[in-house]
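In case you want the letters, here they are:
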There are 2 protein chains.
Amino acid sequence: MEFPSKLIEDAVNEVAKLPGIGKKTALRLVLHLVKENESKTTALTEALDKMRQNIRFCKTCHNISDEEECSICKSHRRDKSLLCIVEEPNDVMAIENTSQFLGVYHVLGGIISPMNGIGPADLKIDSLVDRVAKSQGSIKEIILALSPTMEGDTTAFYINRRLKEYPVKLTTISRGVSVGGDLEYTDEITLGRSITGRTLFS
Amino acid sequence: MEFPSKLIEDAVNEVAKLPGIGKKTALRLVLHLVKENESKTTALTEALDKMRQNIRFCKTCHNISDEEECSICKSHRRDKSLLCIVEEPNDVMAIENTSQFLGVYHVLGGIISPMNGIGPADLKIDSLVDRVAKSQGSIKEIILALSPTMEGDTTAFYINRRLKEYPVKLTTISRGVSVGGDLEYTDEITLGRSITGRTLFS
C-alpha cells in the first residue's frame, strides 16, 4: 500500500498494531480522523494517554481500578469467602454482567502458556497463594473460571497443586450446552462434558 | 456495560466513536493497551496527534499531502491534461494502486448528499471550476470516478452543468461485471449497465 503522506503512513502503522485491526481498517480510521475536526483526535489521544498513565491495579485482586483497592474488594456486600479466579479484567466484567456472582475475584493477568513463554511466575499465582494463606481459612471456596483450553486446564492443574495444603474447596465453572443452544450444533467435546457433568433435574 | 474504572470507560467511549468500532471492540483495544507497556500507547497517540496537527492538503488537487503541493501534482511524469475527480483521498490511493492512471486528480472531499446536509458549496467544486478555467484549455479530459449511487449521479450531473461552458471532455469510469466476477451473481443493474455499455471485442 502506498501512502500519500509519511504522517498518514506512520499513523496507520501504529493503529494497525492493535489486535484485530489490519492496514485497511487502520487507514479508514486514520482518514476518518483527518476528515473530522482536530479536537476529535485530541479527545481520543488524551483519553488514551490519561487512561494508560493513571490506570492502577487493585492491590488485592489485581483487577483494573482507579484506586488502590477496587470497588468490588472494598464492598461490604461481597462475600469474601468465595473467590473467583479469572484470566483478565474483561472476564470480571463478563461475570459481573451476569449478576450471578457475589463473591470476590482474583485476576491472574493471563494463563500458563509455554508456547507464548508465559510461566506461573508471570501470573499472579504467588499472590493468590499468599492471599489464601493470609486469609487463615476465611476463604472457603475458590472457583476456577478459566478458558476451556489446554492452557486453561494446565493453569487449573497448577493452581490445584499449589493450593493443596490449604483447607479450601476448589471448583470450576460448568461446561455444557449453552442456553438457547442446539444439541445438533454443539461440538462433541462440549456435548460429552454436558453428559458426564449432568446435574439433578429439579 | 459496567466498567471497573472511569479511566477505562472514558477511553472506551472515545475509541467507540471511530467508524465501525463498537463498545465491545473498543474495550478489547483499550484493555490491550493496558496489558502492553505504556510506551505502546504513547507511540500510538503521538503518531495520531502528529499526523492530525501537521497534515496538509495539496493546494491544487486537495489530496492529503505532507507539503503544499502533493507528489502527484508536482511530478513531471503525470499528464496534466487528464483530470480524475474522486470523492476522498482513499479513492486516489485505490486508483494509484492500479497503476493504470497517469493523469492528475481532484479530490472533492465528499459527495453531494442533501440527506446528510452536504451541498456543492461544502465540496471542492468551485476550486475545480476555477482550475479548469485557469488551465485555459490545457485540461482536455475529466474522468468522473464517483460512487455508483444516487449521490454520485447527482454530483456528476452538477459538475457536468458547471463545466458546460468549458471545452473539456467529461467521461465516467465504466460500470460492469467485475473481473473474475460471475454473471450469475452480478446484480441486475450492474449486468444491465454492462450490456448497454458494451465495448468492441478486440
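Residues numbered from 1 in each chain as written. Chains lettered and ligands numbered in written order. Predicted model: local features only at pLDDT ≥ 70, side-chain atom pairs only at ≥ 80, totals over all residues. Heavy atoms only, no water.

Caption draft 1: View of the relation of the copies chain B and chain A. For the pair chain B and chain A, the superposition axis carries a translation of 0.0 Å, the fit reaches an RMSD of 0.0 Å, and the rotation angle comes to 180°. Such a turn and shift between the copies fits a two-fold axis. Relative to the rotation axis, the closest C-alpha in chain B is found at B:Thr45, a distance of 2.5 Å. (Least-squares fit on C-alpha atoms with pLDDT ≥ 70 in both.)

Caption draft 2: Broad picture of the environment of A:Phe101. Residues and elements named next belong to chain A. Tracing the chain through its elements places Phe101 in the loop between helix H5 (89-98) and strand S4 (103-107). Given a relative accessible area of 10%, Phe101 falls into the buried group. A C-alpha to C-alpha distance of 9.0 Å links Phe101 and Arg78, two positions 23 residues apart in sequence. Residue contacts for Phe101: discarding those within four places in its chain leaves Arg78, Leu82, Leu83, Cys84, Ile95, Glu96 and Ile143. (Helix = DSSP H or I, 4+ residues; strand = E, 2+ residues; numbered from the N terminus. Buried < 20%, exposed > 50% of the residue type's maximum accessible area, 1.4 Å probe, protein only. Contact = heavy atoms within 4.5 Å.)

Caption draft 3: Region of the structure containing the packing of helix H6 (residues 125-134) of chain B against helix H7 (residues 150-162) of chain B. All names here are of chain B. The contact between H6 and H7 brings their axes to 11 Å, and the two run at 35°. Crossing handedness for the pair H6 and H7: right-handed. Across the interface between the two elements, Ile125, Asp126, Leu128 and Val129 from H6 touch Tyr158, Ile159 and Arg162 from H7. For the contact of H6 with H7, the residue count by class is 5 nonpolar, no polar and 2 charged. (Axes fitted to C-alpha atoms, helices over the stretch in contact; angles between N-to-C directions. Left-handed = near helix turned anticlockwise from the far one by under 90°. Nonpolar A, V, L, I, M, F, W, Y, C, P; charged D, E, K, R; others polar.)

Caption draft 4: Representation of empty space enclosed by the protein within the structure. For the coordinates displayed, the defined rule picks out 1 cavity of 30 Å³ or more. A volume near 140 Å³ is recorded for the largest cavity. Lining the largest cavity we find 14 residues, and of these A:Val15, A:Leu18, A:Leu44, B:Leu18 and B:Leu48 sit closest to its centre. Split by residue class, the lining of the largest cavity holds 14 nonpolar, no polar and no charged. (1 Å grid on protein atoms, 1.4 Å probe; cavity = no way out; pocket = protein on both sides within 12 Å on 5 of 7 lines; lining within 4 Å. Points joined across faces, edges and corners; volume = space filled by probe spheres on them.)

Caption draft 5: Layout of the domain arrangement of chain A. When its domains are assigned, chain A resolves into domain 1 (6-54) and domain 2 (76-200). A straight line from the C-alpha centre of domain 1 of chain A to that of domain 2 of chain A covers 35 Å. (Domains from an automatic or database assignment.)

Caption draft 6: Layout of the side chain of A:Arg52. Along the chain, A:Arg52 falls in helix H3 (residues 38-54). Engagement of the side chain of A:Arg52 in a polar contact is seen with the backbone oxygen of B:Leu33, the distance being 2.9 Å. A polar contact of 3.3 Å, which involves the side chain of A:Arg52, links it to the backbone oxygen of B:Val34. When residues no more than four places from it in sequence are discounted, the contact partners of A:Arg52 are B:Leu33, B:Val34, B:Glu36, B:Asn37, B:Glu38 and B:Thr41. (Polar contact = N/O pair within 3.5 Å; in protein donor to acceptor, adjacent residues only side chain to side chain.)

Caption draft 7: View of the sheet that holds strand S5 (residues 141-144) of chain A. Residues and elements named next belong to chain A. If you trace the 4 strands from one edge of the open sheet to the other, you get S4-S3-S5-S6, paired in parallel fashion. The two strands at the open ends of the sheet, each matched to only one other strand, are S4 and strand S6 (169-172). Across the sheet, the axes of successive neighbouring strands diverge by a mean angle of 25°, strand direction being ignored. Pairing of strand S3 (residues 79-86) with S4, which is carried by 5 bridges, proceeds in the parallel orientation. Paired with Cys84 across the strands is Tyr105, a residue of S4. The sheet contacts of H5 involve S3 and S4, and relative to S4 the element is tilted by about 160°. (Pairing = 2+ DSSP bridges.)

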